[in-house]
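This is what each chain is made of:
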Amino acid sequence: MRSYIQSGGVSRNGSYFDVGDFSLYVKEYVKYSPLTERDLEVMPYIYLFQLAQSSYGYKEYLVTKTENKEALLDFGFWRTDICREIYKKASDISAALLQGERKHGNLGCI
């Protein structure tokens, strides 16, 4: 999920996450690295956990004396918006990935 989001899957100006696009992204990904059904099911929840663990952006904003403090704060807000978007859509993401796996047969799953 991280590579999809960082490659433009989520806009910094609106944290838009397209479940269908992401499903296609995963379909392409599994051509190179297999995933299990469980991987697909828990993917959004694991990503949320990873994001929730990171305070990058906010902490640096508070302790740095750099001129780009606004950029750090913007990044922190951007990441928080991504968390909100993924949290709202987590069950839909899991369902879409599992449905895609079942519909297209083996998506490279082990």
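Residues numbered from 1 in each chain as written. Predicted model: local features only at pLDDT ≥ 70, side-chain atom pairs only at ≥ 80, totals over all residues. Heavy atoms only, no water.

1. Quick look at helix H2 (residues 19-29)
Item 1. Of all the positions in H2, only Val 19, Phe 22, Ser 23 and Val 26 are classed as buried. Here the buried residues of H2 occupy an arc of 105° about the axis, which is enough to place them on one side.
Item 2. Two to three positions downstream of the cap, the backbone nitrogen of Gly 20 sits 3.0 Å from a side-chain oxygen, assigning the N-cap of H2 to Asp 18. (Buried < 20%, exposed > 50% of the residue type's maximum accessible area, 1.4 Å probe, protein only. Helix = DSSP H or I, 4+ residues; strand = E, 2+ residues; numbered from the N terminus. Arc of directions from axis to C-beta. Polar contact = N/O pair within 3.5 Å; in protein donor to acceptor, adjacent residues only side chain to side chain.)

2. Describing helix H3 (residues 37-53)
Along an α-helix, a turn takes 3.6 residues, which lines up residues three or four apart on a common side.
Item 1. Look at H3: 25 Å from first C-alpha to last across 17 residues, which is about the 24 Å you get at 1.5 Å a residue.
Item 2. The largest bend along H3 measures about 50° and falls at Met 43, with the proline Pro 44 one to four residues further on.
Item 3. Considered for burial, the residues of H3 that qualify are Leu 40, Val 42, Met 43, Pro 44, Tyr 47, Leu 48 and Leu 51. (Expected span 1.5 Å × (residues − 1). Bend = angle between axes of the 7 residues up to and from the residue.)

3. A word on the layout of surface pockets
Over the atoms rolls a probe the size of a water molecule, and its path tells where empty space is left.
Item 1. When its volume is computed, the largest pocket comes out at roughly 300 Å³.
Item 2. Lining the largest pocket are 13 residues; nearest its centre among them are Met 1, Arg 2, Tyr 29, Leu 35 and Met 43.
Item 3. Residue assignment for the lining of the largest pocket shows that the elements contributing at least two residues are helix H1 (2-9), H2 and H3.
Item 4. Of the residues forming the lining of the largest pocket, the biggest block, five residues, is contributed by H3. (1 Å grid on protein atoms, 1.4 Å probe; cavity = no way out; pocket = protein on both sides within 12 Å on 5 of 7 lines; lining within 4 Å. Points joined across faces, edges and corners; volume = space filled by probe spheres on them.)

4. Topic: the side chain of Ser 94
Item 1. Structurally, Ser 94 can be placed in helix H5 (residues 69-103).
Item 2. Not counting residues up to four positions away in its chain, the partners in contact with Ser 94 are Leu 40, Glu 41, Pro 44 and Tyr 45. (Contact = heavy atoms within 4.5 Å.)

5. Thoughts on the side chain of Glu 85
Item 1. One can find Glu 85 in helix H5.
Item 2. Taking relative accessible area as the criterion, Glu 85 reaches 15% and is therefore assigned buried.
Item 3. A polar side-chain atom of Glu 85 sits 2.8 Å from a polar atom in the side chain of Lys 89.

6. Some remarks on the packing of aromatic side chains
Item 1. Tallying each qualifying case throughout the model produces six aromatic pairs.
Item 2. Both rings, one in Tyr 4 and one in Phe 22, keep their centres 5.1 Å apart while their planes meet at 65°; by these two values the pair is edge-to-face. Of this pair, Tyr 4 sits in helix H1 while Phe 22 sits in helix H2; the two residues are 18 residues apart in sequence, bridging distant segments of the chain.
Item 3. Residue class for Phe 22 comes out buried when judged on its relative accessible area of 1%.
Item 4. Ring centres of Phe 17 and Phe 22 lie 5.3 Å apart, and the angle between their planes is 50°; this geometry places the pair in the tilted category.
Item 5. Residue Phe 17 is classed as buried on the basis of its relative accessible area of 1%.
Item 6. An aromatic cluster is present here, built from Tyr 4, Phe 17, Phe 22 and Tyr 25 joined pairwise through their rings. (Phe/Tyr/Trp six-rings, centres within 6.5 Å; stacked < 30°, edge-to-face > 60°.)

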